[in-house]
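What follows is the residue order along each chain.
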Amino acid sequence: MKAVLLKDITFSYDGKTKVLDGVDFEANYGEISLIAGHSGEGKSTLASIICGIIPNVTSGTLEGQVSIDEENIADKKMGEICRKVGIVLQNADEQIVHKIVEDEIAFGCENLAFPQEKISKQIEIVCKLMSISPQWKTRSLSGGQKQRLITASTLAMGQKIIILDEPLANLDRQGGELLMNTLKSLAKVGYAILVVEHRLDMVMPYVDRVWHITKGKAVEVNNREEFLREQTKLIGDICPTFEIKDSIFDIQHVKFVIKKREILQDVSCQIPRGARVLLLGENGSGKTTLLRLIARLNKPTDGNIYQFIDSKLGQKKRGSKKFYKKVGVVYQNPDYQLFMPTVREEIELCADSKEYAERIEKILGVAHLLDRHPQSLSQGQKRLVTIASVVASKPDVLILDEPTVGQDYDGLRRLAIALNEIHMQSGNTMITVTHDVRCADALCDVAIHIKDGKVYRFGGKGIVKDFFS
């Protein structure tokens, strides 16, 4: 039985540019369907049409027929569609409204008028499935834990058609395998699962059908092995061998605790000046927390982080305007950093010069987006713009938290090359967190493996290979 059937779907946000143009697509109960394609090609748009966000919440010009559970939804209200279709969006922060995990999971169930006994049972089931605690504070979760939470919240509502938009974006390999095994189990008992994803190496073994969104069309992929090979090649490193000379940060016995939850226990290490430092670790290990402490966005509960960027900056535990001229931070969520009317203004706002901004726009491949509003872009495009806006200021230290999320293979390769070219030209110290095996080695001189709130291993590229093996 067909869960989703799209016939001749055409959609435009502005009434002029067609994001989708004559799309035919189907998904069946009992199957996992993968929706792949380049950033900005319309994958998320397709997902929003299926779940009714378009045109009920997001406006635009939509033509064609959308059938859910073999019923045309043209005249259906959002509430009616939501009882059949659940969606996990890319941005976890935009979906989390409660302070406690169990309240967040209960929220959707309450909206569907589930009895209290069923809600309690659903919370217990999905927390076990997603390896999260009902009592955790949502604000203290890592990016990967938040992703597992919004997935759990959707699964708890019990819709038989589930759409997940970039669900593996912030998940480590263990978390990704946990999620995909859960989805496979649901498919076996009759669910229809649709996954929009770029990390094909992790999802391909679990899926039944593969659709490639390209040039406004949806094409079913028949030769999956060839398609996977082309999309999962390891990216080579173009930078010369790095030699450690001195340090730019000295981290001494740093601890960080939130509400009695110890995120970092006792971290001590040095960040070499001019190195590309890769922070590795499972979800919740404290990688993002350590980045925020280095960037002076948070203060350590105990211990010290000494900077040797500039003696005039001092050793304060909180950042200053002068400090952030030297230290550029790219957050996991690009929406936190995009607030100007156009991409051009966003990148030029803090740029070292207009000429340098134009150079960065070309290197990162965003020159064709300059007249667009940043919030009109895909998540992958937004991430490139935030990177460009920070890099254009020529920081001595560039901090990147999951910069590769939302990038297809070609985009990821271009991004890795661009970051390395900028690194070689500027001599910056680049500190990166990524779960993407395809580019990890290409962005690394020094690797630091964080485990259980401590530095588990410190060394070179060999740690990257061991971590992902």
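Details of the structure are given in the entry above.
Residues numbered from 1 in each chain as written. Predicted model: local features only at pLDDT ≥ 70, side-chain atom pairs only at ≥ 80, totals over all residues. Heavy atoms only, no water.

Take the environment of Val391 next. Mapped onto the elements of the fold, Val391 is located in helix H14 (residues 379-391). Residue classification places Val391 among the buried residues on the basis of a relative accessible area of 3%. Note: C-alpha distance between Val391 and Ile53 (338 residues apart in sequence) is 34 Å. (Helix = DSSP H or I, 4+ residues; strand = E, 2+ residues; numbered from the N terminus. Buried < 20%, exposed > 50% of the residue type's maximum accessible area, 1.4 Å probe, protein only.)

Examined against the element boundaries, Asn28 turns out to sit in strand E2 (residues 18-28). Within the structure, Asn28 has its side chain in polar contact with the side chain of Glu31 (distance 3.4 Å). Each residue touching Asn28, except ones within four places of it in the same chain, is listed here: Met1, Lys2, Ala3, Tyr191, Ala192 and Arg209. (Polar contact = N/O pair within 3.5 Å; in protein donor to acceptor, adjacent residues only side chain to side chain. Contact = heavy atoms within 4.5 Å.)

Another point: the sheet that holds strand E12 (residues 261-272). Read from one edge to the other, the open sheet built from three strands follows the order E12-E11-E14, with strand pairing classed as antiparallel. Pairing within the sheet leaves two strands with one partner each, and these edge strands are E12 and strand E14 (302-307). Adjacent strand axes in the sheet meet at a mean angle of 15° when their direction is disregarded. Two strands pair when backbone bridges link them, and strand E11 (residues 247-258) and E14 are joined in this way by five bridges, in the antiparallel orientation. Bridging from a neighbouring strand, Gln252 pairs with Asn304 of E14. (Pairing = 2+ DSSP bridges. Axes fitted to C-alpha atoms, helices over the stretch in contact; angles between N-to-C directions.)

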